[in-house]
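Listed here are the chains, written in short residue letters.
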Amino acid sequence: MALLQIAEPGMSAEPHKHRLAVGIDLGTTNSLVATVRNGIAVCLADETGRSMLPSVVRYRADGSIDVGHKAVAAQATDAKNTIVSVKRFMGRGLKDVAHVETMPYDFEDSTGMVRLRTVQGVKSPVEISAEILRTLRRRAEASLAGELVGAVITVPAYFDDAQRQATKDAATLAGLPVLRLLNEPTAAAVAYGLDNAAEGVYAVYDLGGGTFDLSILKLSRGVFEVLSTNGDAALGGDDFDHRLFCWILDKADIAPPSMEDARRLQMKAREAKELLSSCEEAPVHVALRSGEEVNLVVTRDEFADMTRHLVQKTLGPVRKALRDAGLAPDEVKGVVMVGGATRMPHIQRAVAEYFGQEPLTNLDPDKVVALGAAMQANVLAGNRKDEDDWLLLDVIPLSLGLETMGGLTEKVIPRNSTLPIARAQEFTTFKDGQTAMAFHVVQGERELVSDCRSLARFELRGIPPMVAGAARIRVSFQVDADGLLSVSAREMSSGVEASVLVKPSYGLTDDEIAGMLKSGVEHAGDDMLARALREQQVEAERVIEATEHAIEQDGALLSADERAAIEKSITNLRALCAGQDHRAIKSGIDALSRATDDFAARRMDSSIRNALAGHKVDEFET
Amino acid sequence: MSVTLSESAAKHVSNFIAKRGRGVGIRLGVKTSGCSGMAYKLEFVDETQGEDVVFESHGVKVIVDPKSLPYLEGTELDFVREGLNEGFKFNNPNVKDQCGCGESFNV
Ligand SMILES: Nc1ncnc2c1ncn2[C@@H]1O[C@H](COP(=O)(O)OP(=O)(O)O)[C@@H](O)[C@H]1O
Ligand SMILES: [Mg+2]
């Protein structure tokens with residue numbers, strides 16, 4: 001029987017027509033599902049009252065699948081079939097995943113997304129994530145006693161197209177309609193009600209199990225915009241566990257532990273770490289399989305000391321994100337803490353010190369993302385009045401553009417543009433009578449296509465033959481609210497059209513994104529030179545081609561000497577093009593055009609005469 | 001006769017209103033629709049309407065519009081848990097038969 005919830009005034013649903021919607025934080029370490037009930041966002045718990053679902057999936061030999069706490073227990077004994085942190089593999093190729101060699105999985109290096117061989121066959125990260133989502137969906141349907149109209153699923157702000165698409169695919173596979181993908185920091189800010197708060201810039205500091213993300217958000221007129229993101233894909237609460245684990249090994253004076261004993265000590269370290277967030281000291285008592293015993297006590301200060309460098313390490317990305325956004329720490333209006341690891345008091349202190357203000361910690365840092373997603377889902381499902389409605393804007397992490405002649409990138413949508421966005425740019429044909437044009441869509445900050453990431457290629461065919469430069473081809477880029485890109489090209493006079501929905505070409509790592517951003521800045525000088533060189537080379541080719549074409553058509557207008565002189569200039573320019581000096585090429589181009597000045601004038605005269613032939617002069621006078 | 005809240009329902013309602021940050025009470029009502037004729041309404045109230053009948057139950061204002069009142073006389077709203085699901089339930093003495101769903105009924 002359906003139990004009733006309190007609706008907003010005037011928003012009672014028709015019987016059987018409740019628009020049940022949830023928010024899902026599909027985390028690297030833990031996942032949660034939340035909904036708005038009786039006007040309040042709450043996380044939904046399982047039968048035992050736990051709302052956090054460890055993001056761990058175990059495929060068992062008998063064909064059943066364990067998800068969550070039950071699977072965690074098998075991590076040590078059945079590592080190959082027990083997949084943790086699958087989020088790191090989403091939309092990634094094998095070569096893009098860091099530290100594969102230390103992972104216990106049996107990877108299959110197929111093209112596209114990496115796959116894992118398990119006792120139940122080969123599984124893709126999308127399928128594995130779908131198991132987590134399916135578990136959460138079932139929990140939600142049991143808690144809400146109905147079918148869901150959909151979910152808002154959160155993703156890190158830096159997730160690229162491939163990773164976002166993989167997340168959507170996983171939801172579809174789990175039978176969950178996706179209302180929207182939402183950036184995690186934006187969701188956290190919404191949970192804190194910052195969308196109703198004073199306009200200004202907010203920082204979201206998210207330290208999870210294995211990842212650190214910092215996002216700078218700007219709120220204006222009730223709309224969020226991500227100004228910049230930064231982080232470290234290999235820094236999180238696990239590193240604090242590991243540091244404490246090493247400290248224990250050091251102090252305990254035991255023989256090098258077996259895999260299983262190490263695993264046990266690691267779990268104990270994690271427990272102690274979590275305890276230290278609320279207690280001054282934590283016991284570490286473990287009886288090992290080896291017969292040895294560990295009997296230690298770690299104090300909060302000792303723990304803070306041994307992990308100080310890790311805390312410091314988070315401040316680097318903070319500085320960079322602020323620099324990218326062009327802001328000083330004191331220009332930030334509020335700091336939101338997200339992720340279980342931000343419970344550690346020394347983290348909170350360091351953040352408070354850096355920003356010169358106490359961060360927001362009154363909401364549960366494990367839950368804020370899911371709660372914010374639930375609030376957004378509630379709005380999208382139509383359970384609130386229009387006037388309360390809000391729209392959330394996100395940005396694209398890397399510029400989107402096209403390859404132009406000579407392997408250069410032409411940026412169509414610059415990095416950090418807010419979503420959704422549509423931009424169009426006109427291009428033209430390069431050769432006379434050209435009837436097709438190839439487009440290469442790329443993502444990245446560098447000037448040369450070879451330094452950017454290739455997203456898609458497509459062709460526009462059926463362009464009516466025209467002289468070079470006469471066709472007007474309008475290329476439109478459109479990125480929807482989920483951050484997914486579609487590109488279309490249209491020849492304006494004939495209306496022929498071609499388009500692609502950018503299908504994820506998997507395989508860009510966070511480090512690569514970071515690297516691409518960094519090298520974009522560092523190589524700005526080199527890039528300028530490379531660009532200048534390419535531009536001159538392209539121009540030279542164009543001039544040579546035009547000249548040769550003219551000679552072919554109207555060679556009769558030239559004397560043998562004149563013709564030889566022009567040909568010599570062409571040879572000369574070709575030689576210069578092979579070099580690296582853009583200025584020399586430029587002077588070669590100038591030389592060739594001087595050599596053809598007279599010829600061009602003569603061609604002009606003769607073509608005008610031809611054009612006029614057969615017409616009476618007065619036809620042209622009106 | 002009046003319309004009341006169970007103690008548990010009252011506790012939850014005042015908690016929800018406090019968390020919501022505004023609201024003077026809770027509206028119980030009926031509307032025609034659903035598989036067996038009538039359906040319940042349960043909403044937060046930001047301001048009462050002129051003709052509303054207001055009851056008070058365990059310190060919470062229960063607001064009913066005059067058209068709904070005949071169908072709700074004697075009703076107690078309860079808050080219950082059923083497995084993972086939790087929510088409000090109308091214990092309505094006027095109901096002859098109700099749709100298994102608990103959301104709509106006949107008098
Ligand atoms: N009380 C606590 N004190 C310190 N760390 C904690 C505490 N509670 C949870 N954590 C840590 O938070 C991390 C998980 O954070 P979470 O936000 O769930 O991760 P993710 O976003 O990666 O899924 C783990 O390293 C866990 O040990
Ligand atoms: Mg998280």
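Cut-offs applied
Residues numbered from 1 in each chain as written. Chains lettered and ligands numbered in written order. Predicted model: local features only at pLDDT ≥ 70, side-chain atom pairs only at ≥ 80, totals over all residues. Heavy atoms only, no water. Helix = DSSP H or I, 4+ residues; strand = E, 2+ residues; numbered from the N terminus. Contact = heavy atoms within 4.5 Å. Axes fitted to C-alpha atoms, helices over the stretch in contact; angles between N-to-C directions. Parallel < 35°, antiparallel > 145°, perpendicular 65-115°, else oblique. Left-handed = near helix turned anticlockwise from the far one by under 90°. Nonpolar A, V, L, I, M, F, W, Y, C, P; charged D, E, K, R; others polar. Expected span 1.5 Å × (residues − 1). Polar contact = N/O pair within 3.5 Å; in protein donor to acceptor, adjacent residues only side chain to side chain. Pairing = 2+ DSSP bridges. Buried < 20%, exposed > 50% of the residue type's maximum accessible area, 1.4 Å probe, protein only. Core = buried A, V, L, I, M, F, W, Y, C linked by side-chain atoms within 4.5 Å. Salt bridge = Lys/Arg side-chain N within 4 Å of Asp/Glu carboxyl O. Near = heavy atom within 4 Å. Areas by Shrake-Rupley, 256 points an atom, 1.4 Å probe, with all protein chains shown as cover. Phe/Tyr/Trp six-rings, centres within 6.5 Å; stacked < 30°, edge-to-face > 60°. pLDDT = per-residue confidence, 0-100.

Below, the discussion takes up the overall build of chain A. The number of helices and strands found in chain A is 15 helices and 26 strands. When contacts within chain A are restricted to residue pairs at least 6 apart in sequence, long-range pairs at least 24 apart make up 66% of them.

With that settled, consider the packing of helix α5 (residues 237–252) of chain A against helix α6 (residues 259–276) of chain A. Residue and element names in this part refer to chain A. The geometry of α5 relative to α6 is characterised by a closest axis approach of 8 Å and an angle of 115° between their N-to-C directions. Taken together, the axes of α5 and α6 lie roughly perpendicular to each other. Here the hand of the crossing between α5 and α6 comes out right-handed. Every residue of α6 that contacts α5 at G237, F240, D241, H242, L244, F245, I248 and L249 is listed here: A262, L265, Q266, A269, R270, A272 and K273. The class makeup of the residues in the contact of α5 with α6 is 9 nonpolar, 3 polar and 3 charged.

Before going further, it helps to spend a moment on helix α14 (residues 582–595) of chain A. With 14 residues, α14(A) should reach 20 Å at 1.5 Å per residue; the first-to-last C-alpha distance of 20 Å fits that figure. By the N-cap criterion, in which a side-chain oxygen at the helix start approaches the backbone nitrogen of a residue two or three places on, α14(A) is capped by D581(A), the distance to R583(A) being 2.9 Å.

Moving on, we get to the sheet that holds strand β7 (residues 82–84) of chain A. All names here are of chain A. Strands sit in the order β6-β5-β7 across an open sheet of 3 strands; the sheet is antiparallel. The open sheet is flanked by β6 (65–67) and β7, the only strands paired with a single partner. Across the sheet, the axes of successive neighbouring strands diverge by a mean angle of 15°, strand direction being ignored. Direction of pairing for strand β5 (residues 56–59) relative to β7: antiparallel, over a ladder of 3 bridges. Among the inter-strand pairings, V56 is bridged to a residue of β7, identified as V84.

Here we come to the pairing of strand β7 (residues 85–91) of chain B. Residues and elements named next belong to chain B. With 5 of 7 residues buried, β7 is to be regarded as a mostly interior element. Of the strand pairs in this sheet, strand β6 (residues 76–82) and β7 are connected by 7 bridges, and their pairing is antiparallel. Bridge pairing links F79 to F88 in β7.

Moving on, we get to the nonpolar core. All names here are of chain A. The biggest cluster of nonpolar side chains holds 46 residues, and the ones touching the most others in it are Y205, I216, L244, I248, V294, V298 and I347. Apart from the residues lying within four places of it in its own chain, the contact partners of I347 are Y205, L207, F240, V311, M337, A341 and T342. Grouped together as the second largest cluster of nonpolar side chains are 39 residues, L44, I128, L144 and A170 included.

Turning to the pattern of salt bridges, a few remarks are in order. Residues and elements named next belong to chain A. Counted by the stated rule, this structure contains 31 salt bridges over all chains. Across the pair R308 and D305 runs a salt bridge whose closest N-O atoms are separated by 3.0 Å. Taking the relative accessible area as the measure of exposure, R308 reaches 46% and is therefore partly exposed. Classification of D305 by relative accessible area gives partly exposed; the value is 48%.

Attention now goes to the site of ligand 1. Residues and elements named next belong to chain A. In the vicinity of ligand 1 lie 17 residues, with T29, N30, K273, E274 and S277 positioned nearest. Between an oxygen atom of ligand 1 and a side-chain N or O atom of K273, the distance comes to 2.6 Å. In the model, an oxygen atom of ligand 1 is placed 3.1 Å from a nitrogen or oxygen of the A341 main chain. Alone, ligand 1 offers 580 Å² of accessible surface; in the complex the protein occludes 91% of this. Top contributing element to the shell around ligand 1 by residue count: α6, with 3 residues.

All names here are of chain A. Between helix α2 (residues 125–144) and helix α3 (residues 161–173), whose axes approach to 8 Å, the crossing angle comes to 55°. Between α2 and α3, the interaxial angle falls into the category oblique. Here the hand of the crossing between α2 and α3 comes out right-handed. Residues V126, E127, S129, A130, L133 and R134 of α2 lie in contact with α3, whose contacting residues are A166, D169, A170, A171 and L173.

Residue and element names in this part refer to chain A. Tracing the backbone shows T82 in strand β7. Overall, T82 belongs to the buried group, its relative accessible area being 2%. Of note is the side chain of T82, whose polar atom sits 2.6 Å from the backbone oxygen of D78. Sequence-distant contacts of T82, that is, excluding residues within four places in its chain, are made with V56, V57, R58, A71, A74, Q75 and Y105.

Moving on: the packing of aromatic side chains. If you walk through the whole model with that rule in mind, you get 11 aromatic pairs over all chains. Relative to F458(A), the ring of F439(A) has its centre 5.0 Å away and its plane inclined at 20°; by these criteria the two rings are stacked. Here F439(A) is found in strand β22 (residues 436–443), whereas its partner F458(A) is found in strand β23 (residues 453–461), with 19 residues between them in sequence. For F458(A), a relative accessible area of 9% translates into the label buried. Ring centres 3.7 Å apart and planes at 10° place the aromatic pair Y40(B) and F90(B) in the stacked group. With a gap of 50 residues between them, Y40(B) in strand β3 (residues 38–45) and F90(B) in strand β7 connect regions that are remote in the sequence. The two residues Y40(B) and F90(B) agree in class, both being buried.

This paragraph deals with the sheet that holds strand β1 (residues 4–5) of chain B. The strands making up a sheet associate through backbone hydrogen bonding, with each pair oriented either parallel or antiparallel. Residues and elements named next belong to chain B. Strand order across the open sheet formed by 3 strands is β1-β6-β7, with mixed pairing between neighbours. The two strands at the open ends of the sheet, each matched to only one other strand, are β1 and β7. The sheet contact formed by β1 and β6 spans 2 bridges and is parallel. Looking at the pairing, T4 lines up with E76 of β6. Those strands touched by helix α1 (residues 7–20) are β1, β6 and β7, and its axis lies near 85° from that of β6.

Turning to the confidence of the model for chain A, a few remarks are in order. Chain-level pLDDT for chain A is 84 on average; 88% of the residues reach the 70-or-more range. Scored below 50 in pLDDT, residues 503–510 of chain A makes 35 contacts in the model with residues more than four places away or belonging to other chains.

Looking now at the environment of K87(A). Residues and elements named next belong to chain A. Tracing the backbone shows K87 in the loop between β7 and β8 (106–108). Along the primary structure K87 and V155 are separated by 68 residues, whereas in three dimensions their C-alpha atoms are 9.7 Å apart. Among all residues touching K87, those that are not within four sequence positions of it are L26, G27, T28, P156, F159 and E184.

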